[in-house]
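If you want the building blocks of each chain, they are given just below.
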Amino acid sequence: MIGLIDCNNFFVSCERVFAPGLRNRPVAVLSNNDGCIVALSNEAKALGLKRGDPYFKVEDICRRNDVRVLSGNHRLYGDMSSRVMAVIESIIPEIEIYSIDEAFIHFDGWADGRPVDVGRDIVSRVRRCTGIPTSLGIAPTKTLAKVAARFAKKYPGYRCVCRIENETERRKALSLTAIGDVWGIGRRLRRKFEQIGVDTALQFADMPRQQIDRLLSVTGERTWRELNGEACISLEQAPPARKQICCSRSFGQMLTTFDELRQAIALFATIISRKLREQHSAAVSISVFIRTNAFRTDMEQYFNSAHRRLDEATSDTMAIARAATQCLLSVFRTGYSYKKAGILVNETVSEDAVRRSLFTDNDVRLRHRRLMDVLDSINSNSIAHDTVHLAAYRPVEHIVRTNMRSRLFSTRLSDIISINCNGQ
């Protein structure tokens, strides 16, 4: 049996751990630059608010209904996610971290035939150790476990754990699941199915194999098999290395000078290089893009990008930042107000498969590698993830609008909770 443990309203739950006054109150968390709603409490959903709503369109609704609106505090959410996953890993021998708030777990061979009881113990322990409420779906396949997790979250009668065990339960659950809610069915496929009268997951699962082969790709066919109880998506304890990595931001205020953009690009290079080292890979080439605000029709518009193949594949922050700066230099134009920029790593290779350049000094390469190891060690073991960084680094707080962000309760010493006592 496969389980999917899913943190309930994760961003909101993280905020509530450190601000109990937000419990039972409508809460909305915003995206970068306080643009759109990305997370909602159940109380806020009951008001008709939806994820993806532009904040400026629903600001009056939020004000009238006393909705607490917060800027995204992603460093806090990342730290809380690490805590949740650490608790799960301390209980379960096999776990696949799927996203910041989800993880697949394998029950076979150790749950003693009591997966629901064990699942409730996991949910209880995560809540007790981290303060984060979770739901758990258990089923023979990953896709069915996703379906079960939705029921565990939606219906209190399951007491946070729902198990799809037999054929009757499978068909009942699928009949109550909209086709668009199935894991792996995107908007394009949903529209295709609705055009042929397939509205539920059960109708999809009951389609004949010949029709599935004609309509869908290998990925879609695999989803169909999973819904019919055939496990064909294995549990991956280590996620595969990404072949492309992108880091971009929309700026809270538009940037006009090369130096301002260069500082932002240095930040993106730092983030991308760290991700490359975490997955033990190296960038073969990079692209840099900059653009003005397309919604400001009263201003001159400009968009451009530059591509550069690196002399030697690398994850060295300094090398990637240097190449990115050269790309930026070739596309930057004065006289424009820039709203967004980013770096894209177009191709990666394993660090063990890097072809060394004849023109690179091995001693220099080794010194830079040791420097990056030291940098990662300091930053990973410090309360702030950017204790040591490039001199050109421009902190994200300076380029992204976060006017309503909560404190970094768990990652910055100056932001820890203070308690005032009367001395009685």
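Note on numbering: residues in each chain are counted from 1, in written sequence order. The predicted origin of the model limits local features to residues at a pLDDT of at least 70 and limits the giving and counting of side-chain atom pairs to 80 or more, whereas totals for whole chains, interfaces and linings rest on all residues. The side-chain quantities take in all heavy atoms of the structure and omit both hydrogens and water.

Let's hear about unusual backbone geometry: which residues, and what values?
Note: most peptide bonds trans; most residues except glycine with negative phi. Phi is positive for Asp-66, which is not a glycine, with a value near 55 degrees. Helical segments are the DSSP runs of H or I of at least four residues, strand segments are the runs of E of at least two, and each set is numbered from the N terminus. On the secondary structure map, Asp-66 appears in the loop between helix H3 (55-64) and strand S4 (68-71). Exposed residues in this analysis have more than 50% of their type's maximum accessible area, buried residues have under 20%, and partly exposed residues fall in between, with area computed by a 1.4 Å probe over protein chains only. By relative accessible area, Asp-66 is classed as partly exposed at 48%. Even without being glycine, His-280 reaches a positive phi, approximately 55 degrees. Within the fold, His-280 resides in the loop between helix H12 (258-278) and strand S10 (281-292).

Mind laying out the packing of helix H6 (residues 142-154) against helix H11 (residues 218-227), listing which residues take part and the relevant values?
The N-to-C vectors of H6 and H11 enclose an angle of 65 degrees; their axes lie 7 Å apart at closest approach. What the angle tells us is that H6 and H11 run roughly perpendicular. On the side of H6, the interface is formed by Lys-142, Thr-143 and Leu-144, while H11 contributes Thr-223, Glu-226 and Leu-227. An axis is simply a line fitted to the C-alpha atoms; with a helix, the fit covers only the stretch in contact. Between two such axes, the angle follows the N-to-C directions and lies from 0 to 180 degrees. Oblique is the label for any angle not covered by the other classes, which are roughly parallel (under 35 degrees), roughly antiparallel (over 145) and roughly perpendicular (65 to 115). Contacts: residue pairs with any heavy atoms within 4.5 Å of one another.

With reference to specific residues and values, describe the pattern of salt bridges.
Here, a salt bridge means any side-chain nitrogen of Lys or Arg that lies within 4 Å of a carboxyl oxygen of Asp or Glu. Across all of its chains, the model carries 24 salt bridges by this definition. For Arg-125, the salt bridge is made with Asp-121, and the minimal N-O distance between the two is 3.2 Å. Within this pair, Arg-125 and its partner Asp-121 are both found in helix H5 (residues 115-130), separated by four residues, close to a single helical turn. Residue classification places Arg-125 among the partly exposed residues on the basis of a relative accessible area of 28%. Several salt bridges share partner residues, and in doing so they unite Arg-209, Asp-213, Glu-221, Arg-225 and Glu-230 into one network.

Could you give an account of the pairing of strand S12 (residues 338-350), with specific residues and numbers?
One requirement defines pairing of two strands: DSSP has to find at least two bridges between them. For strand S9 (residues 245-255) and S12, the ladder comprises seven bridges, and the chain directions are antiparallel. Residue pairing in the sheet places Ile-245 in a bridge with Val-345 of S12. Taken together, the 11 bridges between S10 and S12 define a ladder with antiparallel strand orientation. Its bridge partner being in S12, Phe-289 is matched across the sheet by Gly-342.

I'd like a rundown of the nonpolar core, residues and numbers included.
Counting residues in each nonpolar core, the largest one holds 35 residues, and the members touching the most others are Phe-10, Ile-88, Ile-105, Phe-107, Ile-122 and Leu-136. Looking at this core, the elements with two or more residues in it are strand S1 (2-7), helix H1 (10-18), strand S2 (27-30), helix H4 (74-91), strand S6 (102-106), H5 and strand S7 (134-139). Per element, the largest residue contribution to this core is eight residues, and it comes from H4. Not counting chain neighbours up to four residues away, the residues in contact with Ile-88 comprise Ile-5, Ile-95, Ile-105 and Val-126. In plain words, nonpolar cores are sets of buried Ala, Val, Leu, Ile, Met, Phe, Trp, Tyr and Cys residues tied together by side-chain atoms within 4.5 Å.

Which residues make up the pairing of strand S5 (residues 95-99), and what values go with them?
When S5 meets S6, the two strands line up antiparallel, connected through four bridges. Looking at S6, one finds that Ile-95 is bridged to Ile-105. Where S5 folds back onto S6 in an antiparallel hairpin, the turn is made up of two residues.

Talk me through a nonpolar patch on the surface; I want residue IDs and the actual numbers.
For patches, a residue must show more than 30% relative accessible area and have no salt bridge; joins then use 9 Å for like charges and 5 Å for nonpolar side chains, namely Val, Leu, Ile, Met, Phe, Trp and Tyr. Only the protein chains shown count as cover for residues, with accessible areas throughout obtained via the Shrake-Rupley method and a probe of 1.4 Å. Side chains of Val-374, Ile-378 and Val-388 sit close together on the surface and give an oily, nonpolar patch of about 210 Å² of accessible area. Within the fold, Val-388 resides in the segment after helix H14 (362-380). For Val-388, a relative accessible area of 35% gives the class partly exposed.

Could you give me a rundown of the sheet that holds S1, with the residues and numbers involved?
In a beta sheet, neighbouring strands are held together by backbone hydrogen bonds and run either parallel or antiparallel to one another. One open sheet accounts for five strands, arranged S5-S6-S1-S7-S8; its pairing is mixed. Of all strands in the sheet, those with a lone pairing partner are S5 and strand S8 (161-163), marking the two edges. Between one strand axis and the next, the sheet turns through 20 degrees on average, direction left out of account. Its contacts with the sheet put H6 on S1, S5, S6, S7 and S8, and the angle it makes with S7 is roughly 140 degrees.

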